[in-house]
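For reference, the chains in residue letters:
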Amino acid sequence: MPRLSRRRVLAALGWGAAGITAVAGGAFALMPTLPPRRPPTPGDAAAWLSLRPDGVFELLSSRAEMGQGISIGMRQVAADELGVGIDRIRLVQPDTGLIPVARSTVGSDAMRETGPLVARAAAALAVAILREAARRLQRPAGDLRLAPDGVMDGDALVLAFDDLGAAGPLFVTEGEVAAATPRLLADPSGRREVGRARPTHDVEAIVTGSRPLYTDDVRLPGMVFGAVVRPRTLGGRIRAIDASACAAVPGFLGLHRDGAFAGLVASRRSALARAMEVLAVDEAEGAAVDSASLAAMVDVSAAVGGLEHGVLDDGDLGDDPFDVDLTLAVPLAAHASIEPRTAVARFGDDGGLEVWTGTQDPFFVRDSLADAFGLSRAQVVVHGMRIGGGFGARTIVAAEMEAARLAKLCGRPVKVQWSRSDEFRAGFHRAPSSHRIRLSADAAGRITRWHHAFRSGHVIFTSAAMGPGLQFATGFVADPGVARGAVPAYAASAARVAFEDVRLPVMTGPWRGLGAAANHWAIETAVDALARAKGLDPLDLRLRSIAPEHVRLRAVLAAAADMAGWPVRPKDRPDEGWGLACGIYKEMSFAATVARVTRTAAGYKVTGLWCAHDCGLVVNPDQVRAQVEGNLVWGIGMALKEELAVGGGRILPESFFDYPLPVLSDVPDIEVRLIEGSPQPTGAGETAIVSGTAAVTNAIAAMTGRTVTALPVGRA
Amino acid sequence: MRITLNRRPVDVPDELADEPLLFLLRDHLGLNGPRFGCGVGSCGACTVVIDGQAERSCIQPATAAQGREVLTLEGLAGAGGLHPFQRAWIEESVPQCGYCQNGQIMTVFALLAAQPDAGAADIKAAMDGVLCRCGTQPRIRRAIARARALAAGDA
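Residues numbered from 1 in each chain as written. Chains lettered and ligands numbered in written order. Predicted model: local features only at pLDDT ≥ 70, side-chain atom pairs only at ≥ 80, totals over all residues. Heavy atoms only, no water.

A.B. asks: I would appreciate a short explanation of the overall build of chain A in the present structure.
C.D. replies: A tally of helices and strands in chain A yields 21 helices and 26 strands. Computed over its C-alpha atoms, the radius of gyration of chain A comes to 27 Å, within 12% of the 27 Å expected for a compact globule of 716 residues. For chain A, the proportion of its 716 residues judged to be buried stands at 62%. A separation threshold of at least 6 residues defines the contact pool for chain A, and within that pool the share at least 24 residues apart is 77%. When the accessible surface of chain A is split by element, carbon and sulfur atoms take 54% of a total near 25200 Å². Between the mean site of the 75 positive side-chain charges and the mean site of the 78 negative ones, chain A shows a separation of 2 Å. (Helix = DSSP H or I, 4+ residues; strand = E, 2+ residues; numbered from the N terminus. Rg over C-alpha atoms; globule rule 2.2 N^0.38 Å. Buried < 20%, exposed > 50% of the residue type's maximum accessible area, 1.4 Å probe, protein only. Contact = heavy atoms within 4.5 Å. Areas by Shrake-Rupley, 256 points an atom, 1.4 Å probe, with all protein chains shown as cover. Lys, Arg positive; Asp, Glu negative; His and termini not counted. Charge placed at Lys NZ, Arg CZ, Asp CG, Glu CD.)

Here it is in structure tokens:
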């Protein structure tokens, strides 16, 4: 009775209804390769910031930059605490050789977790600098103050920063960081940089190409190019490889094999591509999976009996029919970052390994490589590069291991850059999911009964990172990524939410927002359908039904409605509709969006988007707005365009010709209002994705009178 | 074989003649601006301008540039500093991850250099094929308008 035993394991570990966070922590402990997931400490922060001999403050970042703006934000925080200009803060991207073990850059956590600590480290360093200046000048520290270029006494600069650092870098201790009291939170009047709109870190280099930023910009002496020979089918196995035809390709250097691993190496990329074309591969093909069979595997209506993981079980749902009863489908979808996964690996004469890569988790990469090559952690150094689009795709080890294996086998530094076809075929993807939602409301227009059952491919427990043993072990545990965002923000006297994660023959894993993207689309679709069924305005139904404690959700919803002129919007008609949706991300950030959709000869077109967003303290409003805009564009893609097609046991798309993304003319102007509902930053990288997709599909439903039950909508 | 790269003559060894132009520029000439996104011309990240025309350098052989003038992102700025498109891209804070922005800038630069009065339909035709996954499209639209205003002011 495997189902029974899985339930018993969950119960025994106490991972029940409200234990989603506990599930996450507990489950990670099952993954031995992962580095510690503890939050950063004052001890970590003491290592991040120092005054250097050139008079510049060096800030060693512990979080990856992938366009979410964390680098510029941390520079702003440090600059304000030190009272210096932002150009005096030099940021170094995450490097395992320079910083203490750090968490991965996921979950919109970077500013919330590291921002306050950067502020404390900077506040401590300011004190240490004044103390050092007082010692050198033989003056009371109380007479001195920090200014943009150094230490001032009255109006006179008495010690410049480069003089202060000349004898060696100035650091602070863990104790000093722990004892520091940053101004950032206490005294908003002292803010110069925090709250100021600035473009992303390295923006000049991005628009000029003036210096290396991304992994593909790394070029090492003697470096060659490598590519891995992969099965073409899902679950396929390579039986034999014949590389004899490759020898005639100028620049081809060799086929290297090690067990099931096989890769080609060439001196030029064109030679690599040509060698791959003429390589003869005999493959035992996997099962003939297709999109329809994947959908069937997660189909919630095919589930027998109860779903194994309970999220919420309050009150009695009773036996009365529900006002709405919907079954909704979300397909497989790709990250489709424009930068493909890329890594450069070099073994040194001392046997150590250096890797350059755009990764969300450099320490996971380091530890995995160290384990694979029998090296100590200290013998592997991972240099984090700017990521050309992360979105959850760079959370595991991929091109890094391939580059390192080929570097080991061929004895030279190797760059591996995935082809676009590799990205679709060998990457992992947003899990398909299937949702049944049944809701009822009372005569006063309040939601009374809530039942959401869903099945999904795995998210956190991705088969892309876990072998069969761990897949089996985690088969007993609720995947917290699947569950994210499943707890409704609406009060209902009876509520049941339950789900089941399904191991699929296609690799699925973290995608922007994890399960929250799909779960919120399902929830907000159903709430809208309920409003239609009861003849209520969807704004009114939501405002009446949002649980009383979610004051900030109510506030963003009211603000978005105000921005869009919701109460006075034109009446929905066959060629134009208005929709809204809202949600909470990770119980701490809030977003509500109104969409206007127009039907044209070419299909549905989003012609207006208004979003109110509350992620607490905003360090850089420009970067937070950019994240909101990006999430809403993802909502357009999710609603109207994106499905990663599978057929004949293969991922079918090979390029962007087969995987349409939102393009310039698909995206309207977007109006964003930022509300700072808490004095702490809570995260913006994924928040608005909880509202964008459903706002668009609800607008279509308003136009057509029919609920959108499957994504993407496609042509009108 | 000789090409003109960012206004300077460059000799290209014959054995690299059939290398895709993108890899010639990146791997042999050390440029960072044009970027690899797909290798089949489906995203535009590799765009360069050849004799005034925006081209996807990943599907052009190096020989396509023989005897012609190739302009890349690195060559856009002139003696007077950043090009109006580069300034506008910074002032409108367009880039998120930044990886595709070479293609955005070079494509619209070529379009408006050839067709200064290009309308919305022309911009859609040129720019819809240059993909951005981060969702910078609203800012790209604003930056194009700002760059045109900057250019008009400079004239």
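A.B. asks: Can you help me understand the packing of helix α12 (residues 362–373) of chain A against helix α13 (residues 399–410) of chain A in this one?
C.D. replies: Helix-helix packing is described using two parameters, namely the angle between the two axes and the distance between the axes. Residues and elements named next belong to chain A. Running from N to C, α12 and α13 point in directions that differ by 35 degrees, and their axes come no closer than 10 Å. Read as a crossing pair, α12 and α13 show a hand that is right-handed. In this structure, α12 uses Val-365, Ser-368, Leu-369, Ala-372 and Phe-373 to contact α13, whose residues at the interface are Glu-400, Met-401, Ala-404, Arg-405 and Lys-408. Taken together, the residues that form the contact of α12 with α13 break down as six nonpolar, one polar and three charged. (Axes fitted to C-alpha atoms, helices over the stretch in contact; angles between N-to-C directions. Left-handed = near helix turned anticlockwise from the far one by under 90°. Nonpolar A, V, L, I, M, F, W, Y, C, P; charged D, E, K, R; others polar.)

A.B. asks: Hey, could you run me through the nonpolar core in this one?
C.D. replies: General note: in soluble globular proteins, nonpolar side chains tend to be found buried as a group. Ranked by internal contacts, the top residues of the largest apolar core, which has 162 residues, are Ile-338 and Trp-450 of chain A together with Trp-89 of chain B. Ranked by the residues each element gives to this core, the list is headed by helix α17 (residues 515–534) of chain A, at eleven residues. (Core = buried A, V, L, I, M, F, W, Y, C linked by side-chain atoms within 4.5 Å.)

A.B. asks: I'm lost on the domain arrangement of chain B in this one. Help?
C.D. replies: Accessible area lost upon the coming together of the parts is a frequently used measure of interface size. Residues and elements named next belong to chain B. Splitting chain B by domain gives domain 1 (2–76) and domain 2 (84–152). Taken together, the contact between domain 1 and domain 2 spans 19 residues of the former and twelve residues of the latter. Carbon and sulfur atoms make up 62% of the surface buried where domain 1 meets domain 2, a total of about 1300 Å² over both sides. Joining domain 1 to domain 2, the criterion identifies zero salt bridges. When residues of the side of domain 1 that touches domain 2 are traced back to their parent elements, those giving at least two are β3 (47–50) and β4 (53–56). (Domains from an automatic or database assignment. Buried area = accessible area lost by both parts, 1.4 Å probe. Salt bridge = Lys/Arg side-chain N within 4 Å of Asp/Glu carboxyl O.)

A.B. asks: Quick question: what am I supposed to make of empty space enclosed by the protein here?
C.D. replies: A water-sized probe, rolled over the atoms, reveals where empty space remains. Residues and elements named next belong to chain A. Taken as a whole and judged by the stated rule, the model has seven cavities of 30 Å³ or more. Empty space within the largest cavity amounts to approximately 100 Å³. Elements represented by at least two residues in the lining of the largest cavity include exactly β18 (433–441), β19 (447–457) and α17. Broken down by element, the lining of the largest cavity gets its largest block of residues, four residues, from α17. Per-class residue counts for the lining of the largest cavity are eight nonpolar, six polar and one charged. Of the volumes computed, that of the second largest cavity is approximately 60 Å³. The wall of the second largest cavity is formed by Arg-341, Thr-342, Thr-357, Gly-358, Ala-393, Arg-394, Ile-396, Ala-398, Ala-399 and Glu-400. When grouped by side-chain class, the residues that make up the lining of the second largest cavity number four nonpolar, three polar and three charged. (1 Å grid on protein atoms, 1.4 Å probe; cavity = no way out; pocket = protein on both sides within 12 Å on 5 of 7 lines; lining within 4 Å. Points joined across faces, edges and corners; volume = space filled by probe spheres on them.)

A.B. asks: I'm lost on the interface of chain B and chain A in this one. Help?
C.D. replies: Taken together, the contact pairs 51 residues of chain B with 62 residues of chain A. Interface of chain B and chain A: buried area, both sides summed, is about 4500 Å²; carbon and sulfur atoms make up 55% of it. By the criterion of area lost to chain A, the three top residues of chain B are Gln-96, Tyr-99 and Arg-133 of chain B, representing 19% of everything that side buries. For the pair chain B and chain A, the number of links is eleven salt bridges. Note that Arg-141 of chain B is salt-bridged to Asp-669 of chain A, the shortest N-O span being 3.3 Å. In this structure, the connection of chain B to chain A is made through 35 residue pairs in polar contact (both at pLDDT 80 or more). Looking at the side of chain B that touches chain A, the elements that each hand over two or more residues are α1 (21–28), α2 (84–91), α3 (101–114), α4 (120–127) and α5 (137–154) of chain B. A total of five residues in the side of chain B that touches chain A trace back to one element, the largest contributor, which is α5 of chain B. For the side of chain B that touches chain A, the per-class residue count stands at 25 nonpolar, 14 polar and twelve charged. (Polar contact = N/O pair within 3.5 Å; in protein donor to acceptor, adjacent residues only side chain to side chain.)

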